[in-house]
Amino acid sequence: MAKFFISYTSKDSEKAQWIAMTLEEFGHEAFVHEWEVGPGQNIPDWMEQRLKECNQLIGVFSPEYIISTR
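Here goes a summary of the coordinates provided. (Residues numbered from 1 in each chain as written. Predicted model: local features only at pLDDT ≥ 70, side-chain atom pairs only at ≥ 80, totals over all residues. Heavy atoms only, no water.)

## A look at the packing of aromatic side chains
Put simply, the rule is: The criterion for an aromatic pair is that two Phe, Tyr or Trp rings (for Trp, the six-membered ring) have centres within 6.5 Å, with stacked assigned to planes under 30 degrees apart, edge-to-face to planes over 60 apart and tilted to the rest. Note on conventions: DSSP H or I runs of at least 4 residues are helices, E runs of at least 2 residues are strands, and numbering of each starts at the N terminus. For each residue, the accessible area found with a 1.4 Å probe, counting protein chains only, is set against the maximum for its type, and the residue is called buried under 20%, exposed over 50%, and partly exposed in between.
The full count for this structure, using the stated rule, is one aromatic pair. When the centroid spacing of 5.6 Å and the interplanar angle of 35° are considered together, the rings of phenylalanine 5 and tryptophan 46 count as tilted. Of the two residues, phenylalanine 5 is situated in strand E1 (residues 3-7) and tryptophan 46 in helix H3 (residues 43-53); the sequence distance between them amounts to 41 residues. Tryptophan 46 gets classed as buried once you look at its relative accessible area, which sits at 13%.

## Observations concerning the nonpolar core
Spelled out, the test is: To define a nonpolar core, start from buried Ala, Val, Leu, Ile, Met, Phe, Trp, Tyr and Cys residues and group those joined through side-chain atoms within 4.5 Å. Contacts were defined at the residue level, with two residues in contact if any of their heavy atoms lie within 4.5 Å.
Of all hydrophobic cores here, the largest spans ten residues; its members are Ala2, Phe4, Ile6, Tyr8, Ala16, Ala20, Leu23, Ala30, Val32 and Val60. For this core, the secondary structure elements donating two or more residues are E1 and helix H1 (13-25). Leave out the neighbours within four places in its chain, and tyrosine 8 touches Ser13, Ala16, Val32, His33, Glu34, Val60 and Tyr65. Among the nonpolar cores identified, the runner-up in size contains five residues, and Phe5, Phe31, Val37 and Trp46 belong to it.

Here it is as structure tokens:
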């Protein structure tokens, strides 16, 4: 099955986690930083590693996401 990296902002966390849980119900693996990265850990390093491992990318492109990339 596929490995999905879910890109989102904290305001879209519920949507991103719903997407990830749905994917996992169908046997896929979803990478969600809130599920894997603990306090004090390096999110950019985690992202770099997981992006190398995934073969699919899903972006939750809300207005908040667009604003956060500026």
